[in-house]
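Close look at the chain arrangement
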Amino acid sequence: MSDIIYNEDRTANWGKLSRNYHQKKKALEIIFKICRAILLFGMCFLIIQPLLDKLSVSFMSEADLYDSTVVSIPRNFTIGNYYLASKLLNFWKSLTETFFIVMVSSVLQIAACTLAAYGFARYKFPFKSFWFFCVMLIIVIPPQTIMASLYLNFQFFDIFGIFRLIRGEPINLLQDFWGFWLLSATGMGLKSGLYIFMLRQYFRGMPKELEEAAWVDGCGKFRTFIQIMVPDASPMLTSCFLFSFVWQWTDSFFTTLFLSNREMLSKHLGSITEKLTSWWAATNAISGAGIASTAPVGYVQAMIATGMLMCLAPLIILYLIAQRAFVESLSQTGIKM
């Protein structure tokens, strides 16, 4: 009888301990979820809050900018800032030209980087490690350090003296998009080393049996690359293309070097302060209102914020279109790299 009572007490104690354990585990899971939600909310707020501030300022009138009672919500809502920013940036013409040049450049850059990455991932050739080390140098060395060399090479562009022999002088590839595109097509564009590294790691993670099966079925190496490897790597290619497009869209270094006579958004955005000052002085001179010829600091900052939002809008739209492939590439990168 005592044994039965002992076993019942023991079973009850075990049940009580089990319930306590599960309650503690559930409480810890709830606390973890709350902490995770707070952390994610804080990180998202740190990223989004500056954009929300700029969005709020872009709809404020000049009076709201100097009103201490106006914080985030404009009192005098206006879209005049966007009309003026569009005029200062020459927005629609700059948008069209920037989109065309950057789109072609990004496609050429990703095509060149894909070929280079596949070669590093699958083929053996002399000094392979040395050449890949040179690719890593493209990532490490800032492009500003080779600015003088780039300028001289593209100002007096010649291939083994062929152009000098035919035309009597080298070709000037500056001041136009041909030099900009040539740099991308040869795998030397902005951040090309990073794209080669990412794609190389992706191709290395793909099973070689896919290529071997294609070769058995009669596919050549180039056809295997185009029909088997490239479609499978489309998520990573999408990510690299988005990175390339975004970085070239906002780049000012290569834009200043190669495209100084083109209507580029990044170039106009960098000079929006000077253009606003000139517009302000000309407007006040015509009206004869006796207002200061220099635009107020707050109004200048509002126009800069408005111009930045107008330049970012196409990038946000592009990301929304390619969001699914971009997220898929990030998840697969974690598995295959």
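**A word on the overall build of the protein**
Within the protein one finds 17 helices and zero strands. Counting across all 337 residues of the protein, residues that qualify as buried make up 33%. Counted over contacts in the protein with a minimum sequence separation of 6, partners at least 24 positions apart contribute 73%. For the protein, the computed accessible surface area is about 20800 Å², with 68% contributed by carbon and sulfur atoms.

**Some remarks on helix α9 (residues 192-205)**
The terminal C-alpha atoms of α9 lie 20 Å apart, and with 14 residues this matches the ideal 20 Å at 1.5 Å per residue to within 8%. Listed in full, the buried residues belonging to α9 are S192, G193, Y195, I196, M198, L199, R200, Q201, Y202 and F203.

**What about the nonpolar core?**
The biggest cluster of nonpolar side chains holds 64 residues, and the ones touching the most others in it are L199, F203, F254, F258 and L276. In terms of residues, this core owes the most to one element, helix α4 (residues 91-122), which gives 10 residues. Look past the residues within four positions of F203 in its chain and what remains in contact with it is T114, A117, Y118, A121, R122, F225, M229 and A233.

**Topic: the environment of I159**
Structurally, the position occupied by I159 is in the loop between α6 (147-155) and α7 (162-167). Between the C-alpha atom of I159 and that of I171, which follows or precedes it by 12 residues, the distance is 9.8 Å.

**Re the confidence of the model for the protein**
The predicted model of the protein averages 82 in pLDDT, with 88% of residues at 70 or higher. Ranking the helices and strands of the protein by mean pLDDT puts α4 first, with 91, and helix α17 (residues 323-336) last, with 60.

**Describing the environment of L269**
Looking at where L269 falls in the secondary structure, it is placed in helix α14 (residues 265-270). Judged by its relative accessible area of 22%, L269 is partly exposed. Along the backbone, L269 and I304 are 35 residues apart, and their C-alpha atoms lie at a distance of 7.6 Å. Not counting the four nearest positions on each side in its chain, L269 is found in contact with L89, I304, G307, M308 and C311.

Rules and cut-offs
- Residues numbered from 1 in each chain as written.
- Predicted model: local features only at pLDDT ≥ 70, side-chain atom pairs only at ≥ 80, totals over all residues.
- Heavy atoms only, no water.
- Helix = DSSP H or I, 4+ residues; strand = E, 2+ residues; numbered from the N terminus.
- Buried < 20%, exposed > 50% of the residue type's maximum accessible area, 1.4 Å probe, protein only.
- Contact = heavy atoms within 4.5 Å.
- Areas by Shrake-Rupley, 256 points an atom, 1.4 Å probe, with all protein chains shown as cover.
- Expected span 1.5 Å × (residues − 1).
- Core = buried A, V, L, I, M, F, W, Y, C linked by side-chain atoms within 4.5 Å.
- pLDDT = per-residue confidence, 0-100.

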